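Take a look at the letters that make up each chain.
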Amino acid sequence: MTTLLDAELYPREEIGDLYRLRWQAELYLRSLKVVLQMDHLRCKTPQRVRNEFWMHLLGYNPIRQMMATAALEAEICPWQISFKGALQTVCQFLPLLGSCMPLAAGCQALLTCIATHAVADRPDRYEPRLVKRRPKPYKHLREPRANYKKLIQ
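Because the structure is predicted, anything quoted here is derived from the model rather than measured.

Looking now at the overall build of the protein. Tallying secondary structure elements over the protein gives five helices and zero strands in all. Scanning the protein from its N terminus toward the C terminus, one meets helices and strands in the order α-α-α-α-α. Taken over the C-alpha trace, the protein has a radius of gyration of 22 Å; the compact-globule value for 153 residues is 15 Å, which it surpasses by more than 25%. Projecting the C-alpha coordinates of the protein onto the three principal axes gives extents of approximately 70 × 55 × 30 Å.

Let us look at the side chain of Thr89. Along the chain, the position of Thr89 falls in helix H3 (residues 83-97). The buried category is assigned to Thr89, whose relative accessible area is 9%. The residues contacting Thr89, other than those within four sequence positions of it, are Leu110, Cys113, Ile114 and His117.

Rules used throughout
- Residues numbered from 1 in each chain as written.
- Predicted model: local features only at pLDDT ≥ 70, side-chain atom pairs only at ≥ 80, totals over all residues.
- Heavy atoms only, no water.
- Helix = DSSP H or I, 4+ residues; strand = E, 2+ residues; numbered from the N terminus.
- Rg over C-alpha atoms; globule rule 2.2 N^0.38 Å.
- Buried < 20%, exposed > 50% of the residue type's maximum accessible area, 1.4 Å probe, protein only.
- Contact = heavy atoms within 4.5 Å.

Set out below in structure tokens:
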């Protein structure tokens, strides 16, 4: 559905291409929110929330940079590499990079492994916009746990 009604000015193929680009943007946001657990910011003050947001981006951008480099070397598109797979690979490689192999060889091996985490190209799939996580039937802990333990006894 669209409000762009002039078929000559807005061909349906271009609108379809824009929708596919939007889908990629949604996948990138999902990587931030779900994979990096940024869907719920835990800090209370505005300054700390800003710091938490920037820390997530500080972790997100190097992973995306490594994915882009790995894709360039493997001659594939960066969006064909799984963000979660790349993140897990980096986490597994970090202890090894400085210890048992030369740094250049370790970095090259890391990029090669990141490029193996391919995802299927599914541009026209439909995903319902529903929340899977259900709220728990318990009230939130608003005071120190010790205060609640005293009430129970």
